[in-house]
Amino acid sequence: MGYKAASLTVDDIIKSISELTKDVNIVLCEQVAQIDSKDMTDDIWLRLAKRVNELLKRNNINGIVITHGTDTIEETAYFLSLVVKSKKPVVLVGAMRPSTAISADGPKNLYDACIIAGSEKSEGRGVLVCLNDTIYSARFVTKLNTILPNAFGSLDFGVLGYVVENEPYFYNALDKKYTFKSEFDVRDLNALPKVDIVYSYAGTNSHVAVEAFCKSGVKGIIHAGTGNGSIHKETLEALNNAIKSGVIIVRATRLPGGIVSKDENYEGSYKFIASDSLNPQKAKILLQLALTKYSAKDTKSIQELFYRY
Ligand code: ASP
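For clarity, every value in this text was computed on a predicted model and none was experimentally measured.

### As for the overall build of the protein
Piece 1. Across its full length, the protein carries ten helices and twelve strands.
Piece 2. For 309 residues, the compact-globule estimate of 2.2 N^0.38 gives 19 Å, and the C-alpha radius of gyration of the protein, at 20 Å, lies within 12% of that figure.
Piece 3. Counting only C-alpha atoms and orienting by the principal axes, one finds that the protein spans roughly 60 × 40 × 35 Å.
Piece 4. Taking all 309 residues of the protein together, 49% fall into the buried category.
Piece 5. The long-range share in the protein, meaning contacts at least 24 apart out of those at least 6 apart in sequence, stands at 70%.
Piece 6. Within the structure as shown, the protein displays about 14,900 Å² of accessible surface, and the carbon and sulfur contribution to it stands at 50%.

### Digging into the state of the cysteines
Piece 1. Overall, the coordinates contain zero disulfides when judged by the stated rule.
Piece 2. A disulfide-free cysteine, Cys 114 has its sulfur positioned 8.7 Å from the sulfur of Cys 29, the nearest such atom.
Piece 3. A relative accessible area of 8% places Cys 114 in the buried class.

### Some words on the site of the ligand
Piece 1. The environment of the ligand is formed by Tyr 3, Asp 36, Ser 37, Gly 69, Thr 70, Asp 71 and Ala 95.
Piece 2. One nitrogen or oxygen atom from the side chain of Thr 70 is found 2.4 Å from an oxygen atom belonging to the ligand.
Piece 3. Ala 95 is positioned such that a nitrogen or oxygen atom in its backbone is 3.2 Å from an oxygen atom of the ligand.
Piece 4. Relative to its unbound accessible area of 260 Å², the ligand is 85% covered by the protein chains.
Piece 5. Looking at the shell around the ligand, its residues break down into two nonpolar, three polar and two charged.

### Considerations on the sheet that holds strand β12 (residues 273–274)
Piece 1. Judged by pairing direction, the sheet is parallel, and its four strands sit side by side in the order β9-β10-β11-β12 without closing on themselves. Sheet topology places β9 (195–199) and β12 at the edges, where each strand pairs with a single neighbour.
Piece 2. Sheet topology note: the strand β11 (residues 248–253)/β12 ladder contains two bridges and is parallel. Within β12, the position partnered with Val 250 by the bridge is Ile 273.
Piece 3. Here helix α6 (residues 206–215) sits on the sheet in contact with β9 and β10 (220–225), set at roughly 170° to β9.

### Notes on the sheet that holds strand β8 (residues 167–170)
Strand-to-strand pairing in sheets goes through backbone hydrogen bonds, with the strands running parallel or antiparallel.
Piece 1. Strands sit in the order β1-β2-β3-β4-β7-β8 across an open sheet of six strands; the sheet is mixed. In the strand order of this sheet, the two ends are held by β1 (64–67) and β8, each with one partner. The mean angle between the axes of side-by-side strands here comes to 30°, regardless of whether they run parallel or antiparallel.
Piece 2. Pairing between strand β3 (residues 127–131) and strand β4 (residues 134–137): four bridges, direction antiparallel. Within the sheet, the bridge partner assigned to Leu 128 lies in β4 and is Ser 137.
Piece 3. Across the sheet, helix α4 (residues 73–83) lies against β1, β2 (90–93) and β3, angled at about 170° from β2, the strand it touches most.

Each value, and the rule that gives it
Residues numbered from 1 in each chain as written. Predicted model: local features only at pLDDT ≥ 70, side-chain atom pairs only at ≥ 80, totals over all residues. Heavy atoms only, no water. Helix = DSSP H or I, 4+ residues; strand = E, 2+ residues; numbered from the N terminus. Rg over C-alpha atoms; globule rule 2.2 N^0.38 Å. Buried < 20%, exposed > 50% of the residue type's maximum accessible area, 1.4 Å probe, protein only. Contact = heavy atoms within 4.5 Å. Areas by Shrake-Rupley, 256 points an atom, 1.4 Å probe, with all protein chains shown as cover. Disulfide = S-S within 2.5 Å. Near = heavy atom within 4 Å. Polar contact = N/O pair within 3.5 Å; in protein donor to acceptor, adjacent residues only side chain to side chain. Nonpolar A, V, L, I, M, F, W, Y, C, P; charged D, E, K, R; others polar. Pairing = 2+ DSSP bridges. Axes fitted to C-alpha atoms, helices over the stretch in contact; angles between N-to-C directions.

What follows is the structure, given as structure tokens:
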């Protein structure tokens, strides 16, 4: 546990795995950022997405692997899945054990990610995440455990496939819009609209957070509610005031499974948006991108996006 994140450069990592350069043609290695992924920012996302889009245009590049800390890997993957403009595979890979641990999982995960990125079978499947011999879609993967090597899962919606003996095997496809089917484009963006997340619990004081976020100038708030996205009555009043002042509110849930379905009490009377199956941290990303294209008043179009992406 006592490791220091972001210590190795991408070149150090590649050099440490001799099989990699034998079995995969690594055309180029770039260090876009070197951070502990808990410190991820919108600026790094925009830089990364623009660079990925540039590189994928090159004929000599079949796919891209991005090494990433596991803490926010699902968020970067989902962001890229909405803004990468290519059918070529983009694979994010992490490791649960540090490189100094006995039976570190990083080298095998990275090897598998390169195999996936170089395979024709992976084309058109959007942005993928690979750990523990498993291939996940960016849309549904989430980190479920703080320490175990099998920390990731897609719960209700399942994994896409496995990597076995240097070969990816796919069993599922994603029935959502992504990459080459996505309408979002970051080419001309230098910043993303500010959206924050408020969490609900018994005895909550979340209205304080809602008011503070509104004062700070947020354009949207994701409410990580109880059960089917339900909202404590005190928070409800603060969120309703936020809506009246032009802030858009999405009802997500703090639960790891199920969907937040539309509810007349919220979407009808108050003009909330239901998050469907996006967890709060991914709902935040979709709302940020939605607000680059639609006005906060257009709740109908934004609600549609939560069903399509
Ligand atoms: N703190 C690390 C990070 O997300 C954890 C990891 O690498 O798995 O950057």
